[in-house]
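Breakdown of the fold
Listed below, chain by chain, are the residues.
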Amino acid sequence: MLRIVVLVSGGGTNLQAIIDGVNNGTITNTEIAGVISNNKNVYALERAKKHQIPNCCISSKDFESREIFNEKLLAAVDAYKPDLVVLAGFLVVIPPAMIERYRNRMINIHPSLIPSFCGKGFYGLKVHEAALARGVKVVGATVHFVDEGTDTGPILLQKAVEIQPGDTPEVLQRRVMEEAEWKILPRAIDLIANGKVSVKDGKTVIAD
Ligand code: GAR
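Residues numbered from 1 in each chain as written. Predicted model: local features only at pLDDT ≥ 70, side-chain atom pairs only at ≥ 80, totals over all residues. Heavy atoms only, no water.

Brief notes about the overall build of the protein chain
We apply this condition: Secondary structure elements follow DSSP: runs of H or I no shorter than four residues count as helices, runs of E no shorter than two count as strands, and numbering proceeds from the N terminus. With C-alpha atoms as the basis for the radius of gyration, the globule rule is written as 2.2 Å multiplied by the number of residues raised to the power 0.38. The buried label applies to any residue whose accessible area, calculated with a 1.4 Å probe on protein chains only, is under 20% of its type's maximum; exposed applies above 50%, and partly exposed to all values in between. The contact criterion used is simple: two residues touch if any of their non-hydrogen atoms lie within 4.5 Å. Methods summary: accessible areas were calculated by the Shrake-Rupley approach with a probe of 1.4 Å, and residue burial reflects only the protein chains presented. Charge counting follows a simple rule: Lys and Arg are positive, Asp and Glu are negative, and His as well as the terminal groups are ignored. Every charge is mapped to an atom, namely NZ of Lys, CZ of Arg, CG of Asp or CD of Glu.
Counting secondary structure elements, the protein chain contains six helices and nine strands. Taking 208 residues into account, the globule formula puts the C-alpha radius of gyration at 17 Å, and the protein chain, at 16 Å, falls close to it. In terms of its C-alpha atoms, the protein chain occupies a principal-axis envelope of roughly 45 × 45 × 35 Å. Looking at the protein chain as a whole, 48% of its 208 residues qualify as buried. Across the protein chain, every contact between residues at least 6 apart in sequence was considered, and the portion connecting residues at least 24 apart equals 64%. For the protein chain, the computed accessible surface area is about 10,300 Å², with 51% contributed by carbon and sulfur atoms. If you average the places of the 24 positive and of the 23 negative side-chain charges in the protein chain, the two averages end up 1 Å apart.

If you want it as structure tokens, here you go:
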């Protein structure tokens, strides 16, 4: 069984897709050991509670310095003894010590086709605003391993989504979630849980 910890900051629809995937068998061989939020009042934590998944909040507001927050966050992740850390809409800069400890064992979902619309400042709705402002015709989502850069780690899965006439950032965000994010994040976890993913020369290799 792959033990995963899911880190969240908001509504938690990607967390829900993971919970549903584990419950309906699309994600196999996987146990959600815990959910960690950096925000006390987010719906993602309610989703965890509803499904009796152990959960906690580690907020930077509760600590004197970033260093202490980083230590507490890493300790909270470690405490669940995960094989894989899943960043599902976690909008916190990952501490270097955590990147090192969980190298090739930590994945992130990003709401664009990396390397477009990614890196510093590109998160959440901002990604979709930028895509519409540029006038691209195809957008999508990416699951990647986390390394020291922002959205630079080995790419695991990507899925394209077409822009429709009249799209607003909100409408587009929802379509990217429905058509791409909620599919490729569960799929990526299932692949990892079944030993299908390896990383070679900074790229992923997926066995069939
Ligand atoms: C998702 O669209 C996810 O891709 C994005 O935040 C949203 C979280 O929604 N993540 C990033 O932008 C990371 N750079 P959710 O809380 O409903 O899963």
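As for the site of the ligand
What counts, and what does not: To be near a molecule or strand, a residue needs just one of its heavy atoms within 4 Å of it. Under this definition, polar contacts are N or O atom pairs within 3.5 Å; protein pairs additionally need one hydrogen-donor-capable and one acceptor-capable atom, and for neighbouring residues in sequence, both atoms have to be side-chain atoms. Residues are called lining when one of their atoms sits within 4 Å of a cavity or pocket point, these points coming from a 1 Å grid over the protein atoms alone, where a cavity is a set in which a 1.4 Å probe fits but cannot get out and a pocket is an open set with protein on both sides within 12 Å along at least five of seven lines. A molecule is said to be in a cavity or pocket once over half of its atoms fall within 2 Å of that pocket's grid points. The residue classification treats Ala, Val, Leu, Ile, Met, Phe, Trp, Tyr, Cys and Pro as nonpolar and Asp, Glu, Lys and Arg as charged. All others, Gly included, are polar.
Taken together, 15 residues lie around the ligand, and Gly12, Thr13, Asn14, Gly124 and Glu181 are the ones closest in. In this structure, Glu181 approaches the ligand through a side-chain N or O atom, which is 2.8 Å from an oxygen atom. For the ligand, the accessible surface in isolation is 450 Å², of which the surrounding protein chains cover 91%. According to the grid-proximity analysis, the pocket containing the ligand is the largest pocket. For the shell around the ligand, the secondary structure elements donating two or more residues are helix H1 (13-24), strand S5 (106-110) and helix H6 (169-193). Tallied by class, residues from the shell around the ligand come to six nonpolar, eight polar and one charged.

A short note on the pairing of strand S2 (residues 30-37)
Here is the rule we go by: Here, strands pair whenever DSSP counts at least two bridges between them. Convention used here: a crossover is right-handed provided that the path from the first strand, over the helix, to the second strand proceeds clockwise when the strands point away from the viewer.
S2 sits mainly inside the fold: seven of its eight residues count as buried. Relative to S2, strand S1 (residues 2-8) runs parallel, the two sharing seven bridges. Within the sheet, the bridge partner assigned to Ile4 lies in S2 and is Ile32. Once you follow S1 into H1 and on to S2, the crossover reads as right-handed. Sheet topology note: the S2/strand S3 (residues 55-57) ladder contains three bridges and is parallel. Opposite Ile36, over in S3, you have Cys56 as the bridge partner. Tracing the backbone out of S2, into helix H2 (residues 43-50) and back to the parallel element S3 gives a crossover that is right-handed.

Some remarks on unusual backbone geometry
In this structure, Pro115 follows Ile114 across a cis peptide bond, with omega equal to 20 degrees. Following the sequence through the fold, Pro115 ends up in the loop between S5 and helix H5 (125-134). One non-glycine residue with positive phi stands out, namely Asn29, at about 60 degrees. Overall, the relative accessible area of 37% leaves Asn29 in the partly exposed class. At Asp151, a position not held by glycine, the phi torsion is positive, near 65 degrees.

Observations regarding the pattern of salt bridges
The condition that has to hold: The term salt bridge refers to a pairing of a side-chain nitrogen on Lys or Arg with a carboxyl oxygen on Asp or Glu at a separation within 4 Å.
Within the structure shown, the criterion is met by nine salt bridges. Glu31 is the salt-bridge partner of Arg3, the closest N and O atoms lying 3.7 Å from each other. On the criterion of sequence distance, the pair formed by Arg3 in strand S1 and Glu31 in strand S2 is long-range, its members being 28 residues apart. Residue Arg3 is classed as partly exposed on the basis of its relative accessible area of 28%. We classify Glu31 as partly exposed; its relative accessible area is 35%. A salt bridge links Asp190 to Arg187; the shortest N-O distance between them is 3.8 Å. Of this pair, Asp190 and Arg187 both sit in helix H6, three residues apart, which is roughly one turn of the helix. Residue Asp190 is classed as buried on the basis of its relative accessible area of 12%.

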